[in-house]
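Inside the fold
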Amino acid sequence: MSERIREHNASGHVSDEGGSMNLPESLPARLYLLAYDTDKNRLTARSQLGLVLRAAALTDLYLTERLTDEDGKPHAVDGRPAGDPVLDDLARQIAGSRPRRWHRWIGRQERGTVRAVREYLEAQRCIKVSHRALLPDKVELRDRRAVKAYADSVHATLRQPAARADARTASVLALAARGEVRTVVSRGDRREYGQRLDELAVYTGPVADALRKALRTKRAAIASAGG
C-alpha cells in the first residue's frame, strides 16, 4: 500500500455532522446506506448492490491491511477479527480458500452479503426492515437526515483534488462510480469527474477495476441466459 494511502487511512473516520445517527465505519454498511434514495424513500441499485457491497468489504480489508494483493488475487495476512461480521466472514473465507482473482470474490455470495449487511444495519438501528410475503422487504432509514448529510459530504469530496481525499471516502466514491450507484455518483458526475474518479480509485487498490469487471461479467451472463 502506498504511503499516500497510509496517510489518508490513518484517521479512517468520517464526520457525520448534520445527523444524530452514528453511522457505522465499515464501507459495506456505508455504501448500503448511500444506495438509499432519501428523496424517494427507497433502496436503489438492487441488481448490482451485492457486487458493490462485496467490493466494499474487500476494499475495507485492503485499507486496514488485512488483505494484500498477490499476483492479482487477495491474500489474507491478518486473522484478527475486526468486530464486523461481514468483514470477518469474508476474511475467513479468503484465508480458508484457494486463491481467486478479486473479481471472482466480488461475484460470490452476492445475496448473502446484502442480507448480512442489512441485518447488521438493522441490529445497529440504522434501518428498519418490514418483511413482506409477496413483495421485496421494505427498508426504511431511521435517520434520513444523517444519511443525507453524509451523502452530501461524500459528494463534496468529488469536487476536491483527489490528493486531499480521505482514503475511505475516496473508496466510497470510486466504488459507487464503478458499481453505478447513482445516488452517490450520477451519470453526469461520471462524465464530468471521470479523471478524478480514476484517481480516487487508486485508494481501493485492485478492487474498483475488479468491480467493473464483475459487473460486466454478471450482465453478460444475464444477457446470455436471456438470449
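Structure report, in brief. (Residues numbered from 1 in each chain as written. Predicted model: local features only at pLDDT ≥ 70, side-chain atom pairs only at ≥ 80, totals over all residues. Heavy atoms only, no water.)

Focus: the packing of helix H2 (residues 27-34) against helix H7 (residues 144-158)
- Where H2 meets H7, the closest approach of the two axes is 10 Å, and the angle between their N-to-C directions is 100°. In terms of axis orientation, H2 runs roughly perpendicular to H7. Here Arg-30, Leu-33 and Leu-34 of H2 lie close against H7, whose contacting residues are Val-147, Tyr-150, Ala-151 and Val-154. (Axes fitted to C-alpha atoms, helices over the stretch in contact; angles between N-to-C directions. Helix = DSSP H or I, 4+ residues; strand = E, 2+ residues; numbered from the N terminus. Parallel < 35°, antiparallel > 145°, perpendicular 65-115°, else oblique. Contact = heavy atoms within 4.5 Å.)

Comments concerning the layout of surface pockets
- Computed from the structure, the largest pocket encloses a volume of approximately 420 Å³.
- In this structure, the largest pocket is lined by 15 residues; those nearest its centre are Arg-46, Glu-110, Arg-111, Val-114 and Arg-115.
- For the lining of the largest pocket, the secondary structure elements donating two or more residues are helix H3 (46-63) and helix H6 (110-123).
- Looking at which element gives the most residues to the lining of the largest pocket, the answer is H6, with 5 residues.
- Of the residues assigned to the lining of the largest pocket, the class counts are 6 nonpolar, 2 polar and 7 charged.
- In this structure, the second largest pocket spans a volume of roughly 230 Å³.
- Of all the secondary-structure elements, those providing two or more residues to the lining of the second largest pocket are strand E1 (36-37) and H7.
- When its residues are assigned to classes, the lining of the second largest pocket shows 6 nonpolar, 4 polar and 6 charged. (1 Å grid on protein atoms, 1.4 Å probe; cavity = no way out; pocket = protein on both sides within 12 Å on 5 of 7 lines; lining within 4 Å. Points joined across faces, edges and corners; volume = space filled by probe spheres on them. Nonpolar A, V, L, I, M, F, W, Y, C, P; charged D, E, K, R; others polar.)

Describing the pairing of strand E5 (residues 127-130)
- A one-sided burial pattern is seen for E5, the buried positions being Ile-127 and Val-129 and the unburied ones Lys-128 and Ser-130.
- Sheet analysis places E5 next to strand E6 (residues 138-141), joined by 4 bridges and oriented antiparallel. Looking at E6, one finds that Val-129 is bridged to Val-139. (Buried < 20%, exposed > 50% of the residue type's maximum accessible area, 1.4 Å probe, protein only. Pairing = 2+ DSSP bridges.)

Quick look at the environment of Tyr-62
- Inspection of the secondary structure puts Tyr-62 in helix H3.
- Residue Tyr-62 is classed as buried on the basis of its relative accessible area, which comes to 12%.

As for unusual backbone geometry
- The backbone phi angle of Asn-41 is positive, close to 60°, even though this residue is not glycine.
- Residue placement: Asn-41 occurs in the loop between E1 and strand E2 (42-43).
- We classify Asn-41 as partly exposed; its relative accessible area is 25%.
- Non-glycine residue Arg-125 carries a positive phi angle of around 60°.
- Structurally, the position occupied by Arg-125 is in the loop between H6 and E5.

Observations regarding the side chain of Thr-38
- For Thr-38, the location among the structural elements is in the loop between E1 and E2.
- The class for Thr-38 is buried, based on a relative accessible area of 16%.
- Those residues in contact with Thr-38 that sit more than four places away from it in its chain are Leu-141, Arg-144, Val-147 and Lys-148.

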